[in-house]
Amino acid sequence: MGIEFRDVGKTYPDGTVAVTGFSCSIPSHRTLALVGTSGSGKTTLMRMVNRMVEPTTGTVLIDDRDVHELEKVALRRSIGYVPQAGGLLPHRRVVDNVATVPVLTGTTRRAARTAALQLLELVGLDPALGKRYPAQLSGGQQQRVAVARALAADPNVLLMDEPFGAVDPIVRRDLQDQLVQLQAELGKTIVLVTHDIDEAFKLGDQVVILRTGGIVAQTGTPQEILAAPADDFVRDFVGIGRAERSLQTVDVDGRNIVVDGSGRPVGVLT
Amino acid sequence: MTWLDTNRAYVLDMLVQHVRLAVPAIAISVLVAIVLGRIAWRWPRAGTVVLGIASLLYSVPALPLLIVIPVLLGIPLRSGLTLVVALAVYGTALLAGTAADAFRSVDPRVREAAEAMGYSRTGLFWKVDLPLAVPVLLSGIRVITVSTVSLVTIGALVGIPSLGNLLTDGFQRDIRAEIVVGVLGTMLLAIALDVLLVVAGALLTPWRERRPRRARATTASAVPAVEGAA
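Rules used throughout
Residues numbered from 1 in each chain as written. Chains lettered and ligands numbered in written order. Predicted model: local features only at pLDDT ≥ 70, side-chain atom pairs only at ≥ 80, totals over all residues. Heavy atoms only, no water. Helix = DSSP H or I, 4+ residues; strand = E, 2+ residues; numbered from the N terminus. Buried < 20%, exposed > 50% of the residue type's maximum accessible area, 1.4 Å probe, protein only. Contact = heavy atoms within 4.5 Å. UniProt positions renumbered as here; feature names shortened; annotations may be inferred. Domains from an automatic or database assignment. Buried area = accessible area lost by both parts, 1.4 Å probe. Salt bridge = Lys/Arg side-chain N within 4 Å of Asp/Glu carboxyl O. Polar contact = N/O pair within 3.5 Å; in protein donor to acceptor, adjacent residues only side chain to side chain. Nonpolar A, V, L, I, M, F, W, Y, C, P; charged D, E, K, R; others polar. Expected span 1.5 Å × (residues − 1). Arc of directions from axis to C-beta.

Right, let's get into the environment of Val259(A). Residues and elements named next belong to chain A. Tracing the chain through its elements places Val259 in strand S12 (residues 255–259). The class for Val259 is buried, based on a relative accessible area of 8%. Sequence separation between Val259 and Ala243 is 16 residues; the distance between their C-alpha atoms is 9.4 Å. Not counting residues within four places of it along the chain, the set of residues in contact with Val259 comprises Ser246, Leu247, Gln248, Val250, Arg264, Pro265 and Val266.

Structure (structure tokens):
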């Protein structure tokens, strides 16, 4: 069950190799974070799940069913999709953006809108914002709408394509916290693409670090990767040597204060 | 103005004829240009050829075209249809490139997200591409509307009645007032249709930020702006 990539590869007609021999599976209700620099094939892999990209070799399975055997449009409607910044329909009001997929699958507009307003609340937005057009919201609000829209048809699977990449760090942290909270409640099977290792560690149950050409550098839980980085590339990528990753405790009046590599206190050990 | 007073019925009749020639020609141009623009957008290589031929057609002089069309289509020379077809050729030639640009103006991030959500190919065209192409498309439609309204007058040279008759007749009989009415009438009609298009455009694209300064202001001021558009 869940999502399984079985030896998938993607070579474009011009000979560009995006992904080679990638295998990985993520159980239901878990989050898989695909992380890597640009050109690492992470987005290509995610897009294979809803057949926005067809692999040239191998298969992708959702709940043991080969996605290639499912009808494209129906498959996509059954999967929640959170695009990068700027993926909302600019000509539709926020409430209609959220109602998009239910309306496509035949729910009446009125029912879909009512549900959409509740979803806005679920992602922490004032339902009154439903009347606005996307351009009238902040970047962070827009991405909340994008998450609400992805959840509208209550899909089992969510695909997230660098969803919080373009918002400022403080808003990004808010959005990530909210997603963690939502996921605890909803338990979706999520494939998240990000170039931010901290985001991958924060949101992913399973993290795949990719290098150029879609080659897996390391797969594991955040703990496993931090505890035993496979090679220098991974060590570099997760920033093992970085000051904020090398923590130690110092005793201050009987309490254990955690300090980073440059001696800056970051917290208290409890 | 005495000439206009005594010939009001005639002028009105010519105005109606003028509209009847211009509006179908514009409508056909828009439809064909959208199809050609879509082809050019979808298949850029074929598009270059299509758009090249289109702009070549625009360079064909009007009078020979008015002779050739009846021969090719087997319709009478003096039929309004001849002029409508000729004007549609010019309109399409002028608009096809803009239509291709209009489809290119649609944000690829929006298209891609829409496709990933499960819009079918036709749904994507009608619900996403076409509405989002409207602003650029409309700018082109405004240009061909004005040019078509003015080009209708040449029909008078081959005996297809329109406000152009006021010009030919006025020149032949040296009635200055008739020429002035013909010129002003044509211009006013062009302006009226242009205003209609601007209004239609505003109704079709309530989502566009018409006052960037206000939209960038605080959230409090953005709410009444939306309600005003609703």
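Further notes follow.
Take the UniProt feature "domain: ABC transporter" (unreviewed entry) in chain A next. Using the residue numbers shown here, the UniProt feature "domain: ABC transporter" (unreviewed entry) corresponds to residues 3–238 of chain A. Between the C-alpha atoms that bound residues 3–238 of chain A there is a distance of 25 Å. The span itself is 38% helix and 25% strand.

Residue and element names in this part refer to chain A. In terms of domains, chain A is made up of domain 1 (3–240) and domain 2 (241–270). Between domain 1 and domain 2, the C-alpha centre-to-centre distance is 34 Å. Each partner contributes to the interface: domain 1 provides 7 residues, whereas domain 2 provides 4 residues. Counting the surface lost from both domain 1 and domain 2, the interface buries some 440 Å², and carbon and sulfur atoms represent 33% of this. The largest contributions to the domain 1 side of the interface with domain 2 come from Asp198, Gly239 and Ile240, which together make up 70% of the buried area. Inspection of the region where domain 1 meets domain 2 yields 1 salt bridge. Put simply, Asp198 and Arg245 hold a salt bridge, and the shortest N to O gap is 2.7 Å. One can count 4 residue pairs in polar contact (both at pLDDT 80 or more) joining domain 1 with domain 2. In terms of residue class, the side of domain 1 that touches domain 2 is made up of 5 nonpolar, 1 polar and 1 charged.

So, about the UniProt feature "transmembrane region" (unreviewed entry) in chain B. Residues and elements named next belong to chain B. Here the UniProt-annotated "transmembrane region" (unreviewed entry) positions come out as residues 20–41, 48–75, 81–103, 130–159 and 179–204. Its end C-alpha atoms 32 Å apart, residues 20–41 is made of 100% helix and 0% strand. End C-alpha atoms of residues 81–103 are separated by 30 Å, and the span's content is 100% helix alongside 0% strand.

Attention now goes to helix H7 (residues 169–186) of chain A. All names here are of chain A. With 18 residues, H7 extends 25 Å between its outermost C-alpha atoms, agreeing within 8% with the 26 Å of an ideal straight helix rising 1.5 Å per residue. Buried within H7 we find Leu175, Gln176, Gln178, Leu179, Leu182 and Gln183. With its buried residues spanning 165° around the axis, H7 presents them on a single face. Exposed residues pointing more than 90 degrees away from the buried face of H7 are listed as Pro169, Ile170, Arg173, Gln181, Ala184 and Glu185. At the C-terminal side of H7, Gly187 shows a positive phi close to 60°.

Once that is clear, we can look at the interface of chain A and chain B. Much of the literature gives interface size as the accessible area that the parts lose upon coming together. In this assembly, 26 residues from chain A lie in contact with 25 residues from chain B. Roughly 2,300 Å² is buried in total at the junction of chain A and chain B, and carbon and sulfur atoms are behind 61% of that figure. Where chain A meets chain B, there are 2 salt bridges. A salt bridge links Arg47(A) to Glu112(B), with the nearest nitrogen and oxygen atoms 2.7 Å apart. Summed over the shared surface of chain A and chain B, the number is 5 residue pairs in polar contact (both at pLDDT 80 or more). The set of elements that each furnish at least two residues to the side of chain A that touches chain B consists of helix H2 (72–77) and helix H4 (100–104) of chain A.

Under the defined criterion, the tally for this structure stands at 21 salt bridges over all chains. The closest approach of N and O atoms between Glu162(A) and Lys42(A), which form a salt bridge, is 3.8 Å. Here Glu162(A) is found in the loop between strand S7 (157–161) and H7, whereas its partner Lys42(A) is found in helix H1 (residues 42–49), with 120 residues between them in sequence. Both residues of the pair, Glu162(A) and Lys42(A), count as buried. A salt bridge links Arg142(B) to Asp194(B), with the shortest nitrogen-to-oxygen separation between them at 2.8 Å. Placement of Arg142(B) in helix H7 (residues 121–151) and of Asp194(B) in helix H9 (residues 176–204) is noted, with a sequence separation of 52 residues between them. For Asp194(B), a relative accessible area of 16% corresponds to the buried category.

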